[in-house]
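Listed here are the chains, written in short residue letters.
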Amino acid sequence: STYEEEGGCHAMGRLLGQTRRPTAIAVWSLGAAIGAMAAARRGGLRLPDDLSIVAFHDAPLAAYLDPPLTTVQMALGEMGARAVDLLLDLISGTPARSTVIDAPPQLVVRGSTAPPAGAP
């Protein structure tokens with residue numbers, strides 16, 4: 001889907017139309033996850049009892065959703081700073097180079113995830 005709420009809502013609607021509904025989904029943006037949560041609730045699902053949702057990219061807003069959204073926190077500040085450095089290098093004529101950000105992603109567990117029903 002797209003990264004906006006509408007895209008997540010539309011994609012979740014397609015998933016809910018499947019014969020075998022998922023018990024968990026990972027969504028690539030916070031906005032799309034908000035839309036997916038809305039579509040799941042409109043479809044009669046309880047979060048996280050019927051469906052767990054986790055989103056990539058954390059933001060303070062995630063903690064205030066109902067239920068609070070589990071996220072994967074990325075080093076976005078460091079990624080942005082490195083991107084600016086690389087862009088400035090390119091502008092000054094320095095050849096492009098690879099860069100690695102050593103900060104591992106962090107799982108921020110909140111109320112939108114739970115073990116699947118019947119799990120030990």
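See above for the structure.
How each quantity is defined
- Residues numbered from 1 in each chain as written.
- Predicted model: local features only at pLDDT ≥ 70, side-chain atom pairs only at ≥ 80, totals over all residues.
- Heavy atoms only, no water.
- Patch = residues over 30% accessible without salt bridge, like charges linked within 9 Å, V, L, I, M, F, W, Y side chains within 5 Å.
- Areas by Shrake-Rupley, 256 points an atom, 1.4 Å probe, with all protein chains shown as cover.
- Salt bridge = Lys/Arg side-chain N within 4 Å of Asp/Glu carboxyl O.
- Helix = DSSP H or I, 4+ residues; strand = E, 2+ residues; numbered from the N terminus.
- Axes fitted to C-alpha atoms, helices over the stretch in contact; angles between N-to-C directions.
- Parallel < 35°, antiparallel > 145°, perpendicular 65-115°, else oblique.
- Left-handed = near helix turned anticlockwise from the far one by under 90°.
- Contact = heavy atoms within 4.5 Å.
- Nonpolar A, V, L, I, M, F, W, Y, C, P; charged D, E, K, R; others polar.
- Core = buried A, V, L, I, M, F, W, Y, C linked by side-chain atoms within 4.5 Å.
- Buried < 20%, exposed > 50% of the residue type's maximum accessible area, 1.4 Å probe, protein only.

A. Seen up close, a nonpolar patch on the surface. On the surface, a nonpolar cluster with roughly 500 Å² of combined accessible area is contributed by V84, L87, L88, L90 and I91. For V84, the location among the structural elements is in helix α3 (residues 76-91).

B. Here's a closer look at the packing of helix α1 (residues 5-16) against helix α2 (residues 30-42). In the contact formed by α1 and α2, the axes pass within 6 Å of each other and the chain directions differ by 45°. Taken as axis vectors, α1 and α2 run oblique relative to one another. Here α1 and α2 pass one another in a crossing that is right-handed. Along the contact surface, α1 presents E5, G8, C9, M12, G13 and L16, while α2 presents G31, A32, I34, G35, A36, A39, A40 and R42. Taken together, the residues that form the contact of α1 with α2 break down as 8 nonpolar, 4 polar and 2 charged.

C. Representation of the nonpolar core within the structure. With 19 residues, the main nonpolar core has M12, I25, V27, L51, I53 and L69 as its most contacted residues. Residue assignment for this core shows that the elements contributing at least two residues are α1, β1 (24-27), α2 and β2 (52-56). Broken down by element, this core gets its largest block of residues, 7 residues, from α2. Sequence-distant contacts of I25, defined by excluding residues within four places in its chain, comprise M12, L15, A36, L51, S52, I53 and V54.

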